[in-house]
Amino acid sequence: MIRYTDVSVRYPNGTVGLDAVDLEIPDGQFVVVVGLSGAGKSTLIRTINGLVPVTSGQLEVAGRRVDGASKRQLRELRSRVGMIFQSFNLVSRTTVLKNVLVGRLHATPTVPSLFGVYRKDDVEVAFSALERVGIVEKAYTRASQLSGGQQQRVAIARVLAQQPEVILADEPVASLDPPTANLVMRDLQRINRELGITTVVNLHFLDLARTYAQRIIGMRAGKIVFDGTPSEADDAV
Ligand code: ADP
Ligand code: ADP
């Protein structure tokens, strides 16, 4: 469960990112957050792993408070919450497999070194993550040689290697062409269904949200202005 109680975010320059948000996301739900640029989608998602600190109110993720968490508690939180970005954030000069093993660094601080020897079970977790997104044959290819869609699948595999309880995806398909965007959304949806990982995705486009979301949250000016199913969103627009 992710639970926001009267959560506001004010950035240091005074901009309001979130304005008194109340929201509950049950375990295993696939939620898509929509809204225009500046509506507060990124801020909402980034509070869940503590990347953006909450200014007031209470935020609970998987039974633990995020507001007021210590640095150690935030590290622990981030090990359980995986994040995917618009820009993939891969190490482009290194192999797909090593990029996915970065996910194990988040999961277990005992992984020896990015450039050293990996534990057998970490490598196994990384391969099974690559299998789940269908690019295991690219394990030894450099990330920079992959297409955008393939790179985003590597980023998804990296998050899966973390074995997270929550997956956050901040505009994960914004830099992909529509067919590829659909494939990546389908991967995220399938992973949510197969593994039951709570997933929160920010999207610019309502049509993708309608196709893939279980629940759509609409934002404007830091507030939640719509919360319902895709068919309720059809009626609202
Ligand atoms: P998006 O609209 O895709 O969420 P932006 O392009 O608005 O992202 O922001 C990119 C980065 O700049 C983010 O890290 C965001 O936190 C930061 N940012 C956005 N707006 C401002 C602002 N007014 N002042 C400072 N940083 C900002
Ligand atoms: P969205 O993801 O919907 O584009 P954001 O959450 O990025 O919206 O932004 C919400 C508001 O907060 C916007 O007014 C944006 O300019 C502002 N903002 C975002 N990041 C920062 C930042 N680091 N510093 C100051 N203002 C920011």
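In the annotation of an unreviewed UniProt entry, the chain is listed under the name Phosphonate ABC transporter ATP-binding protein and assigned to Lysobacter korlensis. Database annotation for the chain, UniProt heading Subcellular location (unreviewed entry): "Cell inner membrane".

*Asks:* Please set out the sheet that holds strand β4 (residues 56-61) residue by residue, giving values where relevant.
*Replies:* In sheet architecture, strand pairing relies on hydrogen bonds along the backbone and comes in two forms, parallel and antiparallel. Pairing in this open sheet of 4 strands is antiparallel, and the strands run β2-β1-β4-β5 from one edge to the other. The open sheet has two edge strands with one neighbour each: β2 (16-25) and β5 (64-65). Bridge count for strand β1 (residues 2-10) against β2 is 6 bridges, and the pairing is antiparallel. The residue bridging Tyr 4 from the neighbouring strand is Leu 23, located in β2.

*Asks:* Go over the site of ligand 1 with me, naming the residues and quoting the values.
*Replies:* The full set of residues close to ligand 1 is Asn 13, Ser 37 and Ser 42. A distance of 3.5 Å separates an oxygen atom of ligand 1 from a polar atom in the side chain of Ser 37. Ser 42 is positioned with one of its side-chain polar atoms (N or O) 2.8 Å from an oxygen atom of ligand 1. Protein chains shield 28% of the accessible area of ligand 1, which is 550 Å² for the free molecule.

*Asks:* Requested: an account of the side chain of Asp 122, with residues and values cited.
*Replies:* With respect to the helices and strands, the residue Asp 122 is situated in helix α4 (residues 120-132). Of the residues examined, Asp 122 reaches a relative accessible area of 0% and is grouped as buried. Among the polar contacts listed, one links the side chain of Asp 122 to the side chain of Arg 104, at a separation of 2.8 Å.

Conventions used here
- Residues numbered from 1 in each chain as written.
- Chains lettered and ligands numbered in written order.
- Predicted model: local features only at pLDDT ≥ 70, side-chain atom pairs only at ≥ 80, totals over all residues.
- Heavy atoms only, no water.
- UniProt positions renumbered as here; feature names shortened; annotations may be inferred.
- Pairing = 2+ DSSP bridges.
- Helix = DSSP H or I, 4+ residues; strand = E, 2+ residues; numbered from the N terminus.
- Near = heavy atom within 4 Å.
- Polar contact = N/O pair within 3.5 Å; in protein donor to acceptor, adjacent residues only side chain to side chain.
- Areas by Shrake-Rupley, 256 points an atom, 1.4 Å probe, with all protein chains shown as cover.
- Buried < 20%, exposed > 50% of the residue type's maximum accessible area, 1.4 Å probe, protein only.

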